[in-house]
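Reading the structure
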Amino acid sequence: MSDVEKNRFSARAKRYARVGVNVGGVAARVAGARFFGMDLDRAKNAAELAAEMDGAVAHVVKAQMQAGIDIGNDGEQRRVGFQTYVPHRMSGYGGVSRRRRGREFEEFPELVAYLMRRFPNSAKSQQGAPEAQGAIRYRDAGPITEETAGFNRIADGLGAFSERFMTAPSPGIISTTMLNAYYASHDAYLDAIAREIGKEYKAVVDAGLVLQVDAPDLAMDRTMMYRDLTDSQFVERCERHVAAINDALKGIPRDRVRLHVCYGNWEGPHIHDVALETILPALYRASVGALSIEFSNPRHAHEYAALRKHPLPDHMLLLAGTIETTSNIVEHPEVVARRIEEAVAAVGDRERVVASTDCGFGTFTNREWVIEPVVWLKLQALRAGADLASARLWGKKN
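Residues numbered from 1 in each chain as written. Predicted model: local features only at pLDDT ≥ 70, side-chain atom pairs only at ≥ 80, totals over all residues. Heavy atoms only, no water.

1. Here we look at the overall build of the protein chain
Each helix and strand in the protein chain was counted, giving 13 helices and 10 strands. Among the 398 residues that make up the protein chain, the fraction classed as buried is 58%. A sequence separation of at least 24 residues applies to 84% of the contacts in the protein chain between residues at least 6 apart. Element-wise, carbon and sulfur atoms account for 52% of the exposed surface of the protein chain, whose accessible area totals about 15400 Å². (Helix = DSSP H or I, 4+ residues; strand = E, 2+ residues; numbered from the N terminus. Buried < 20%, exposed > 50% of the residue type's maximum accessible area, 1.4 Å probe, protein only. Contact = heavy atoms within 4.5 Å. Areas by Shrake-Rupley, 256 points an atom, 1.4 Å probe, with all protein chains shown as cover.)

Put into structure tokens, the structure is as follows:
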């Protein structure tokens with residue numbers, strides 16, 4: 001890594017204890033639900049929808065600012081879900097995918113019944129997304145241009161954030177959600193997705209935003225798409241999915257990209273999750289400058305030990321999940337501070353840890369585990385906990 005790259009990372013990381021990072025969708029996707037969830041005449045309703053989306057983005061940006069968030073996003077307000085919006089921007093999709101459910105949903109039918117009661121109006125695209133029935137092509141750069149320009153315009157007007165980011169799904173999670181019914185192999189499909197989604201990645205970075213690649217396939221799909229494999233075979237698939245990410249990122253500086261990995265943003269047993277220690281070396285192969293990993297999920301709160309066994313590469317920051325995103329319990333700032341301190345101890349460098357949330361608070365339209373007022377309380381706790389940790393780790397507030 002060059003001295004210039006080192007300086008970039010050092011400058012960004014030194015804000016660590018002054019930073020609370022919001023990962024993924026922030027709150028209810030009101031605009032996204034109307035845009036994708038209703039049969040609307042786009043031309044007729046364009047002005048109304050644009051105004052509603054801008055209003056939703058402004059709302060979540062203001063709320064993040066009020067919570068003290070330094071690195072923020074647009075809450076994915078223009079999307080119905082973190083990955084299921086892709087067929088609206090790519091050709092070649094149609095029909096319905098028969099995506100496998102996680103093991104625990106089949107093992108515990110009571111869990112499925114509970115979810116159906118809790119979310120009777122979930123977005124249809126979450127299960128039953130379209131499949132690849134032809135050659136896929138990124139057909140329209142208009143939506144991503146509208147997203148990036150709209151977010152920057154609103155954030156500029158509000159003077160928001162020391163750094164801004166925007167999410168985009170990994171080739172792997174696209175491939176395991178919108179299944180392949182056209183290409184000769186899954187790997188051929190992965191390569192096609194990487195080639196096309198890379199255009200969206202470039203658009204995000206060209207707009208001056210940090211790109212967050214959302215890749216739950218690298219952990220969650222151990223219990224879904226790849227449940228029948230051994231751990232070692234799953235690691236091989238992880239490595240192949242990471243290679244697809246790297247192909248999509250060609251030409252993009254690694255310090256403008258972070259990789260988010262999670263185990264599935266739902267309230268469930270998570271007893272079949274793969275251990276972080278098993279997949280961490282594969283994650284390190286990604287051409288990114290930071291890893292976002294959940295550590296507040298009770299099933300994974302102990303896994304800082306994996307970072308001691310497999311030390312974080314020198315060129316990477318750790319965005320440590322210190323706020324849980326499926327519970328309405330608001331963490332005490334002291335709890336957040338201790339989690340940050342544990343992350344710093346595991347990494348061995350206070351300047352390479354950023355306080356974050358485990359995942360997003362609104363992964364899909366009409367499927368928010370945490371009520372909106374509590375989202376902002378949790379982010380306030382993140383800010384307060386980071387300030388407590390700052391005082392201990394630096395001896396004063398930054």
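2. So, the packing of helix α9 (residues 231-248) against helix α10 (residues 276-283)
Closest axis-to-axis distance for the α9/α10 pair is 9 Å, and the angle between their directions is 30°. Between α9 and α10, the angle falls in the class roughly parallel. For α9 against α10, the interelement crossing comes out right-handed. Of the residues in α10, those touching α9 at D231, F234, V235, C238, E239 and V242 are T278, I279 and A282. (Axes fitted to C-alpha atoms, helices over the stretch in contact; angles between N-to-C directions. Parallel < 35°, antiparallel > 145°, perpendicular 65-115°, else oblique. Left-handed = near helix turned anticlockwise from the far one by under 90°.)

3. Some details on helix α5 (residues 109-118)
An α-helix turns once per 3.6 residues; consequently, residues spaced three or four apart project the same way. Along α5, the residues classified as buried are L111, V112 and L115. The buried residues of α5 occupy an angular sector of 100° when the element is viewed end-on, so they sit on one face. Away from the buried face of α5 by more than 90 degrees, exposed residues E110, M116 and R117 are located. Where the residues of α5 are buried, they touch α4 (103-107). (Arc of directions from axis to C-beta.)

4. Concerning the pattern of salt bridges
Using the criterion set out here, one finds 25 salt bridges in the structure. Notably, a salt bridge pairs R79 with E147, separated by 2.8 Å at the nearest N-O pair. Of this pair, R79 sits in the loop between β2 (71-72) and β3 (90-94) while E147 sits in helix α6 (residues 142-158), placing them 68 residues apart in sequence. Comparing R79 with E147, the two get one shared label, buried. (Salt bridge = Lys/Arg side-chain N within 4 Å of Asp/Glu carboxyl O.)

5. Here we look at the side chain of H272
Tracing the backbone shows H272 in the loop between β7 (257-261) and α10. Within the structure, H272 has its side chain in polar contact with the side chain of E107 (distance 2.7 Å). Not counting the four nearest positions on each side in its chain, H272 is found in contact with R103, E104, E107 and T223. (Polar contact = N/O pair within 3.5 Å; in protein donor to acceptor, adjacent residues only side chain to side chain.)

6. Quick word on α10
Those residues of α10 lying buried are L276, I279, L280, A282 and L283. One side of α10 holds all its buried residues, which, seen down the axis, span an arc of 165°. Buried positions along α10 lie against α9, β7, β8 (290-293) and α11 (305-309).

7. Notes on unusual backbone geometry
Positive phi, normally seen in glycine, also occurs at E76, with a value near 55°. Structurally, E76 can be placed in the loop between β2 and β3.

8. Points about the packing of aromatic side chains
If you walk through the whole model with that rule in mind, you get five aromatic pairs. Aromatic side chains Y183 and Y189 sit 5.7 Å apart centroid to centroid with 20° between the ring planes, which places their arrangement in the stacked category. A ring pair is formed by F295 and Y304, whose centres lie 4.1 Å apart and whose planes are at 15°; its orientation type is stacked. Of the two residues, F295 and Y304, both sit in the buried class. The rings of Y182, Y183 and Y189 are connected pair by pair, giving a single aromatic cluster. (Phe/Tyr/Trp six-rings, centres within 6.5 Å; stacked < 30°, edge-to-face > 60°.)

9. Details of the packing of helix α12 (residues 333-347) against helix α13 (residues 372-394)
Closest axis-to-axis distance for the α12/α13 pair is 7 Å, and the angle between their directions is 55°. Of the possible angle classes, the one that applies to α12 and α13 is oblique. Relative to α13, α12 is oriented so that their crossing is right-handed. Packed against α12, whose contacting residues are P333, E334, V336, A337, I340, E341 and V344, the element α13 presents A381, L382, A384, G385, A386, L388, A389, R392 and L393 at the interface. Looking at side-chain class alone, the contact of α12 with α13 contains 12 nonpolar, one polar and three charged residues. (Nonpolar A, V, L, I, M, F, W, Y, C, P; charged D, E, K, R; others polar.)

10. Side note on the environment of A282
Secondary-structure assignment places A282 in helix α10. Accessibility expressed as a relative area gives 2% for A282, which makes it buried.

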